[in-house]
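# Summary of structural features
Listed here are the chains, written in short residue letters.
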Amino acid sequence: MRDLVYLGGPITGQTYGQATKWRDIAKHFLEPHGIATLSPMRADNYTYNLADVPDVADANDWQQGLLTEAAITARDVMDVQRSDVLLFNFCGAAAVSRNSLIEVGLGHGLQKP
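Residues numbered from 1 in each chain as written. Predicted model: local features only at pLDDT ≥ 70, side-chain atom pairs only at ≥ 80, totals over all residues. Heavy atoms only, no water.

What follows concerns unusual backbone geometry. Phi at Q111 takes a positive value of approximately 60°, unusual for a residue other than glycine. Of note, Q111 is situated in the segment after α3 (98–109). (Helix = DSSP H or I, 4+ residues; strand = E, 2+ residues; numbered from the N terminus.)

Written as structure tokens, this is what we have:
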């Protein structure tokens, strides 16, 4: 069984590239050692051309299907629960990330390193 690392950290207020670059680097260094990664940015390529990734809670036109805040939070919570290790990067955060704070608290409660 492969180890699984959740790559958490702020997304709101960052460009797609800013939100994914460090996660791509982490994945590049971890995967050769048999360590899989989970990114909350996976399948979020619809934000690629946006100047800033919007806060889903504040973007009423995004409140459909899997883009609701509740759906995103549920997926991220599930990812934290099934991960072996949580790796967070708050460098360059443009705004407070409510979901990241939920993830850190949940990880602490689950005693995830």
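Now that the structure is up, let's keep going.
Right, let's talk about helix α2 (residues 69–82) for a bit. Over its 14 residues, α2 extends 20 Å from the first C-alpha to the last, a length consistent with the 20 Å expected when each residue adds 1.5 Å. Burial in α2 covers these residues: I72, T73, D76, D79 and V80. All buried residues of α2 project into a common sector of 125° when viewed along the axis, lining one side. (Expected span 1.5 Å × (residues − 1). Buried < 20%, exposed > 50% of the residue type's maximum accessible area, 1.4 Å probe, protein only. Arc of directions from axis to C-beta.)

This paragraph deals with the packing of α2 against α3. For the pair α2 and α3, the least separation of the axes is 10 Å and the interaxial angle reads 30°. By the angle class used here, α2 and α3 are roughly parallel. For the pair α2 and α3, the sense of crossing is right-handed. Residues E69, I72, T73, D76, V77, V80 and Q81 of α2 lie in contact with α3, whose contacting residues are R98, N99, I102, E103, L106 and G107. Of the residues assigned to the contact of α2 with α3, the class counts are 5 nonpolar, 4 polar and 4 charged. (Axes fitted to C-alpha atoms, helices over the stretch in contact; angles between N-to-C directions. Parallel < 35°, antiparallel > 145°, perpendicular 65-115°, else oblique. Left-handed = near helix turned anticlockwise from the far one by under 90°. Contact = heavy atoms within 4.5 Å. Nonpolar A, V, L, I, M, F, W, Y, C, P; charged D, E, K, R; others polar.)

Mapped onto the elements of the fold, T12 is located in the loop between β1 (3–8) and α1 (16–30). Note: C-alpha distance between T12 and N99 (87 residues apart in sequence) is 9.9 Å.

Moving on, we get to the layout of surface pockets. Size it by volume and the second largest pocket reaches roughly 200 Å³. In terms of lining residues, the second largest pocket is bounded by L7, Y16, T20, R23, D24, K27, T37, L38, S39, M41 and R42. For the lining of the second largest pocket, the elements supplying multiple residues, two or more each, are α1 and β2 (35–38). Top element by residues in the lining of the second largest pocket is α1. It accounts for 5 residues. Taken together, the residues of the lining of the second largest pocket sort by class into 4 nonpolar, 3 polar and 4 charged. (1 Å grid on protein atoms, 1.4 Å probe; cavity = no way out; pocket = protein on both sides within 12 Å on 5 of 7 lines; lining within 4 Å. Points joined across faces, edges and corners; volume = space filled by probe spheres on them.)

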